[in-house]
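# Observations on the model geometry
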Amino acid sequence: MHSAAPFVPETHELSELARAARHCEGCPLYREATQTVFGSGRPSARVMLIGEQPGDQEDRAGEPFVGPAGRLLDKALTAAEIDRDELYLTNAVKHFKFTTNERGKRRIHKTPSRTEVEACRPWILAELDAVSPEVVVLLGATAAKSLLGNDFRVSRHRGEILHAAGLMSDRDPVLVATIHPSAVLRGRSQTRDEAFDGLVADLRIAYATTRTVRSEGSAGSGTFIPAAKPVRR
Ligand code: SF4
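Under the annotation held in an unreviewed UniProt entry, the protein chain carries the name Type-4 uracil-DNA glycosylase and is attributed to Mycolicibacterium peregrinum.

Another aspect to go through is the UniProt feature "domain: Uracil-DNA glycosylase-like" (unreviewed entry) in the protein chain. Under the local residue numbering, the UniProt record ascribes the feature "domain: Uracil-DNA glycosylase-like" (unreviewed entry) to residues 38-204. Secondary structure within residues 38-204 divides into 42% helix and 18% strand; the distance between the first and last C-alpha atoms comes to 25 Å.

With their axes 10 Å apart at the nearest point, helix 4 (residues 114-131) and helix 5 (residues 141-148) run at an angle of 75° to one another. With respect to helix 5, the element helix 4 is oriented roughly perpendicular. The segment helix 4 lies against helix 5, with Val117, Arg121 and Ile124 engaging Thr142, Lys145 and Ser146.

Further remarks concern the site of the ligand. Looking at the ligand, there are 16 residues lining it, with Cys24, Gly26, Cys27, His95 and Cys120 nearest. In terms of residue count, the dominant contributor to the shell around the ligand is helix 4 (4 residues). Along the lines of polarity and charge, the residues of the shell around the ligand split into 10 nonpolar, 3 polar and 3 charged.

The next subject is the packing of helix 1 (residues 14-21) against helix 4. Where helix 1 contacts helix 4, the axes come no closer than 10 Å and their chain directions differ by 165°. With respect to helix 4, the axis of helix 1 lies roughly antiparallel. Seen from above, helix 1 lies across helix 4 with left-handed handedness. Facing Leu14, Leu17 and Ala21 of helix 1, the residues of helix 4 in contact are Trp123, Ala126, Glu127 and Ala130. Broken down by class, the residue content of the contact of helix 1 with helix 4 amounts to 6 nonpolar, no polar and 1 charged.

Conventions we followed
- Residues numbered from 1 in each chain as written.
- Predicted model: local features only at pLDDT ≥ 70, side-chain atom pairs only at ≥ 80, totals over all residues.
- UniProt positions renumbered as here; feature names shortened; annotations may be inferred.
- Helix = DSSP H or I, 4+ residues; strand = E, 2+ residues; numbered from the N terminus.
- Axes fitted to C-alpha atoms, helices over the stretch in contact; angles between N-to-C directions.
- Parallel < 35°, antiparallel > 145°, perpendicular 65-115°, else oblique.
- Contact = placed C-beta atoms within 7 Å.
- Near = placed C-beta within 6 Å.
- Nonpolar A, V, L, I, M, F, W, Y, C, P; charged D, E, K, R; others polar.
- Left-handed = near helix turned anticlockwise from the far one by under 90°.

Next comes the structure, spelled out in structure tokens:
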């Protein structure tokens, strides 16, 4: 069975986790990718954003959300009046999965398989424990399924306040699922504005929740969806 678990050190230090992740061979994706793209941002962020996987530009740069989807996300964060520097950003899968076009020059994104997402989940759980965010924004189906199980549908539950059992050792973070910024880029031009506005609205909901958590000590009632059993070891 593929799993990153043997490569994840017992530490809450993000820098140590990132160092260890460079050598992960928990699934076959490390073979073709340039490098591991670990999360980055504020180590004590109240809000953590999780995307799907690094894209072509992220794979070359070694940083998450620096390509076209990252630029779209920046626009959405600005529209939602959220400072990217206050966030921690990462992906459900840390290596770029791709196929090449006929000439073998262009690398084309391929959606990671369920097995690959599950293999990489120990890194997400370790990042959650290290950052200990109040709110986690799941950008797209892959991130949402990684933490909420394979039956979860973003289209049915986007923008809702969600909880999942046992994700972190010391906190029960609020989860908010929404679309991935690349879905806005890929959408038809007639619906692109609407999709962008939807993403901004969901980001606002997530960010506003941090204020509720701080002032009331809880995010209040939400839809309870049990996570697939977190597997770290
Ligand atoms: S995708 Fe995740 S589990 Fe697979 S090799 Fe990369 S870091 Fe390890």
